[in-house]
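# Architecture at a glance
Next come the chains, spelled out residue by residue.
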Amino acid sequence: MDQIMSNLGLLFEFPIVNLKIILDGVMIGSLFALAAYGLALVWGVMNVKNLAQGDFVIAGGYVSWFLVKTEWLQSLLGVSDNFVILLGVLVAFVVMGAIGWVCYKLIITKVIERDLFTSLLATFGLAIMMAQIMNLLFGSDTQSLKLEYDTLYFADGLIDLPIAKLIGVCMAAGLALAVVLFMKTSRMGQAIRATAQDSRAARVLGIDTEKVYAFTFSLNAAICGAAGAIIVMVWVIQPFYGITYSVRAFVIVTAAGLGNLPGVIAAGLGIGAAEQYGSHIFGIGYQQAIAVLLLLIILIYKLLRQRRLRQVLQ
Amino acid sequence: MSAKKLVLYGTLLALTIAAPFLFPNFKTQLATLWLMIIVALSWDMTGGQMGYNSLGNIFFYGTGMYVAAVVTIGIVYDVGEYTQASGGGIYVWTWGQYFAGMALGTLAAGLFCALCAFLIGWITFGLRGPYFAIGTLGVAIAAGELVSNWEWVGGGQGISMPNYPGDFDQFKLVIYYLYAVLGVILFMFVAWLYQTRFGAAINAIRDDEGKAEAMGIHTLRYKLITWAMSAFFVGAAGAISAFQLIHFEPLETAYQTINLGIFMVVCVLLGGKGTLWGPVVGAVMFQVFKEATWNYFLGWQWVALGALIVVVVVFFQDGFMGWLRYKRPEWFGIRVESKDAATEGAS
Amino acid sequence: MKLKFATLALAGVAVAALSSTASAADCDEIHLGSAISLTGKYATNGVHAKNGYEFAIKKIAENGGVKIGDKCYNFRVSYYDDESKGDRGATLAERLINQDGVQYMLGPYSSGLTKAIAPVTEKYQIPMVEAEGASRSLFNKGYKYLFAVLSTSEQYLASAITLAAEMATANGKDPSSVKVAVAVENDPFSLDIRAGVLEDAGKQGMKIVIDEKLPRDLSDMTAILTKVKLLKPDVLIVSGHSKGAATAVRQIGEQKISVPMVAITHCEAADVTGNFGEFAENILCSTQWAETLTYEDPIFGSAANYEKEFKAAYSEYASKKVPYQTAQASAAVYVFKDAFERAGSLDKEKVRDAIAATNLSTFYGDIKFSDSGNNIAKPMVLRQIQGGEYNVVAPSKFASHKLVWPRK
């Protein structure tokens, strides 16, 4: 209790800390938002609740990590590690897109028409498999890549802003923007949105929904993969960290609702910041608990609101 | 009950009693099998029979473990002192204290978990479909994280139960029979329950909750009572587990959401959801599969398990009993209308 | 089986070359068992420990095996992967004992796993010599068959507190003015380290300004380090196995945390000098064993020799320090060899009594067990990373270099 009070006190004693916490929260939150956006996409379009979301993220991280560590590109093209690390985001996007497509064809396509619980369990099985395969391939150590950039310091060194993190956030933002534009303008994007609204009508109008589903799922995996490649250059990855990102993605999508991209991004950043505040005040050991409790609070809030609505209807 | 059935049940009961003597080296695996049967059967009470797929039943398992530990330690020593990271004195239990702890702890665990089910269910039963699953999973994860930060019960270092005062082989027999007795009671209980009006009511909730409510069934009350009964058994099983494992810690053992928490669901799906025998058959199949892969595919055991889950969920969701019902409808006691049932099954 | 043949083959080659010693290839076999973390959160150190076991078995075989009466024996170990999970470890221990007929156990990695397995070995009266479980809460259960070759965890970083007090006094300040920040993983080992530090800091009247627990899937310590920047403690203590060490060193460097004294555990196991170079400079690392110490024994030679030969046998360690987790695992096997020879029998009660009476000088340090089973003859040492080298700075009896203080 004393600890909590003194931690709260710090926030007021050094107001600049708030800025630091929010910055950190926004940075990690932007990556949560990416994973959550992919989840909202598959959830909204094909009603699949993908518990393997976090494992796609981690797998993307390992794709990039592996690319850099084999040093194959470096020697072939004569480029620096930095270049390959940045390129890794693109490679992870493509490779994970392909893996996502395979997962769709093997598993997901069979669960789309099934009841809600089925997709949850099937993707859970997928998550277990992916985590363990990564463990066998890459070992259970935490891994990270280091971008050779400086760190900017503000406010007496109290706020540190590694350029690598800035690059990561910018890439996340760029990716999100690209996906939004794609969904708005391209033919496929329109087809996806149409399918999300009413798949039967879309089918009647000549949209190949099976193709749309496959594309959506592999797009989701690709987005996650890119997010993972950004994570590996800013934070660390480990085969069993997937659940962390899955939980966050579910919290965000539950909070923001489906088909609401600005909402997903706002919720992502908000949850990032809330977690950082929570771990500052209660201690870093409560981080996961805070995320999950937020989920419960949001669910209960929605429930209460729904009840009130129902009463009004009566 | 027909003579045939009587013979069948008699044989199974005899087998249950004799099992630890027939396979003396496998007492622990057999005990674990019973644990799986208990959690699967109690999961099916809400999941299969009532249509509420909880992913958070592991909460009752973990809570049961901790309640049992706190009661058993608390009646003899000071819990906070006992769990200090720096160790301290040497703690011993006499026969009387041990069994008093065991009896009180198991009972308290069951009752406390039933109470928890009432409280949690009162909130979460408003959630439908996947939100109920995610919500209950959230409760279990959050509970694990909070307990792991609670120093009084040992926090992340876990908590140690007293050692059994007697011989170890005897201890394992005691554990086995505790599970077996609990399992048999649970089985008889649900077999009876599903034939009563109560069973019909929860099946009605599964089939169409709106209609059930319109017919005058107080659905929330039925849901709460069912979940509380299920929680009682899971909590008691958790308590026995605590005594069996001796040392356990919150995240990996007590609130092991992604192990036992999901395994119990897979067991039920494997055997057949919403059937009496399904969870039992599924638990046996699952346990055999698990022991086999852990023995022969070391390293790949989790991959195999993940693959099993995917395959079962995607391709065989009706489970073993569903398959059997389809193949041999006459075995399912639909003697009078067997022709109709057969044609229905075929259509 | 493969392992056994590999060991025997290696032993055979070595013996053929020496030819003066008794042919170890003709020896019988003593079957040991161990559940060890090959996957999961402790996998890195689990592998370190397993390598230590295997290396010791090989060395003992090369030196003529275990001699009991006029017969000789080689060790063979059955391993199972406990996935870093306690309940799994306990089940596997039982399987080793019941189904594989193992009569003697080597320990798992970490206090938590040892805690889970010890009740099983105790009940079966199977002697277990463990090398990786240091928490004091292991030794208050009255176990008669549990023996640990390592020093208990409260000693890991206690000397850092002593050093901090000395430094304060040398700079004309009162030790009670020292502010301590503690961040430890939420597991039995690290919590006992925390307890030890809090005890010692309490005795000096020091103030604990940060007291946090690291989560299991730690990837970011920023929240704690921000507080460190604000509260400016004089000592920062971090303990969280390899992952904790790696995260701490990396982020302390990245965020330019300037604390006069930073003390952590598991530096060598996480290879912080190799992975983070400059960031690791002047960090204090507690260690159970250092290759620069002057211990020796007839099997492994000196501590330095152990490191040399181990690196030759396991090339993946060539460019880094051999972690003490490996050395103590080897020492545990050595304790078994010594006990078997003194017992002169394969009877497990006699072996148990012989282990309890161990009074052995090894390359790893002296080994002598208390009634509770922990090793009371060997001190911990504290090393500081100076110019990329690990130099012993405390306790003063072993210190080869002077402490660099304050850290930049």
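Please refer to the structure placed before this passage.
The notes below deal with the structure included here. (Residues numbered from 1 in each chain as written. Chains lettered and ligands numbered in written order. Predicted model: local features only at pLDDT ≥ 70, side-chain atom pairs only at ≥ 80, totals over all residues.)

### Brief notes about the interface of chain A and chain B
To keep it simple, the criterion reads: Placing C-beta atoms from the backbone, we regard two residues as in contact once those atoms come within 7 Å. Helix and strand definitions follow DSSP, with helices as H or I runs of at least four residues and strands as E runs of at least two, each counted in order from the N terminus. When residue character is reported, Ala, Val, Leu, Ile, Met, Phe, Trp, Tyr, Cys and Pro are called nonpolar, Asp, Glu, Lys and Arg charged, and the others, Gly included, polar.
Taken together, the 30 residues of chain A in the interface contact 30 residues of chain B. Of all the secondary-structure elements, those providing two or more residues to the side of chain A that touches chain B are helix H5 (81-111), helix H6 (116-138) and helix H13 (287-313) of chain A. For the side of chain A that touches chain B, a count of residues per class yields 23 nonpolar, five polar and two charged.

### Topic: the pairing of strand E3 (residues 71-81) of chain C
Residue and element names in this part refer to chain C. The condition is simple: Strand pairing is assigned whenever DSSP identifies at least 2 bridges connecting the two strands.
Looking at chain direction, strand E1 (residues 28-36) and E3 are connected through nine bridges and run parallel. Within E3, the position partnered with Gly33 by the bridge is Ser78. Hairpin connection, strand E2 (residues 66-68) to E3: the antiparallel pair is bridged by two residues, and Gly69 has positive phi, about 60°.

### Some details on the sheet that holds strand E9 (residues 235-239) of chain C
All names here are of chain C. As a reminder, the rule being used: Axis definition: a line fit to C-alpha positions, over the contact stretch in the case of helices; interaxial angles, taken between N-to-C directions, run 0 to 180 degrees.
Strand order in the open sheet formed by seven strands is E8-E7-E9-E10-E11-E16-E17, and the pairing between neighbours is mixed. Two strands close off the open sheet at either side, each with one partner strand: strand E8 (207-214) and strand E17 (389-394). Within this sheet the neighbouring strands show an average axis-to-axis angle of 25°, counted without direction. Here strand E7 (residues 179-185) pairs with E9 via five bridges, running parallel. Bridged to Val180 within E9 is Val235.

### Let's talk about the environment of Ile85 of chain A
Residues and elements named next belong to chain A. Convention followed: Exposed residues have 12 or fewer other C-beta atoms within 10 Å of their own C-beta, buried residues have 20 or more, and partly exposed residues fall in between, where C-beta atoms are placed from the backbone.
Mapped onto the elements of the fold, Ile85 is located in helix H5. Accessibility expressed as a C-beta count within 10 Å gives 23 for Ile85, which makes it buried. C-alpha separation for the pair Ile85 and Asp156, spaced 71 residues apart in sequence, amounts to 31 Å.

### A closer look at the packing of helix H8 (residues 197-207) of chain B against helix H10 (residues 219-245) of chain B
Residues and elements named next belong to chain B. Note the following rule: Should an angle fall under 35 degrees it is taken as roughly parallel, and over 145 as roughly antiparallel, whereas 65 to 115 is taken as roughly perpendicular and any remaining angle as oblique. In a left-handed crossing the near helix is turned counterclockwise from the far helix by less than a right angle, and in a right-handed crossing that turn is clockwise.
Across the interface, H8 lies against H10 with an axial gap of 10 Å and an inter-helix angle of 110°. In terms of orientation, H8 and H10 fall into the roughly perpendicular class. Every pair of crossing elements has a handedness; the one defined by H8 and H10 is left-handed. In this structure, H8 uses Ala201, Ile202 and Ile205 to contact H10, whose residues at the interface are Thr219, Tyr222, Lys223 and Thr226. Per-class residue counts for the contact of H8 with H10 are four nonpolar, two polar and one charged.

### Concerning the pairing of E9 of chain C
Along a regular strand, successive side chains alternate from one face of the sheet to the other. Residue and element names in this part refer to chain C. Put simply, the rule is: A right-handed crossover is one whose linking path, passing over the helix from the first strand to the second, runs clockwise when the strands point away from the viewer.
Of all five residues that make up E9, five are buried, and the element is covered over most of its length. Of the two faces of E9, the one carrying Val235, Ile237 and Ser239 and the one carrying Leu236 and Val238 are both buried. Bridge count for E9 against strand E10 (residues 261-264) is four bridges, and the pairing is parallel. The partner of Val235 across the bridge, within E10, is Met261. The parallel pair E9 and E10 is bridged by helix H8 (residues 241-254), and the resulting crossover is right-handed.

### As for the interface of chain B and chain C
At the junction of the two partners, chain B supplies 29 residues and chain C supplies 31 residues. Counting residues per element, the side of chain B that touches chain C draws most heavily on helix H11 (residues 250-254) of chain B, which supplies three residues. Looking at the side of chain B that touches chain C residue by residue, the class counts come to 10 nonpolar, 17 polar and two charged.

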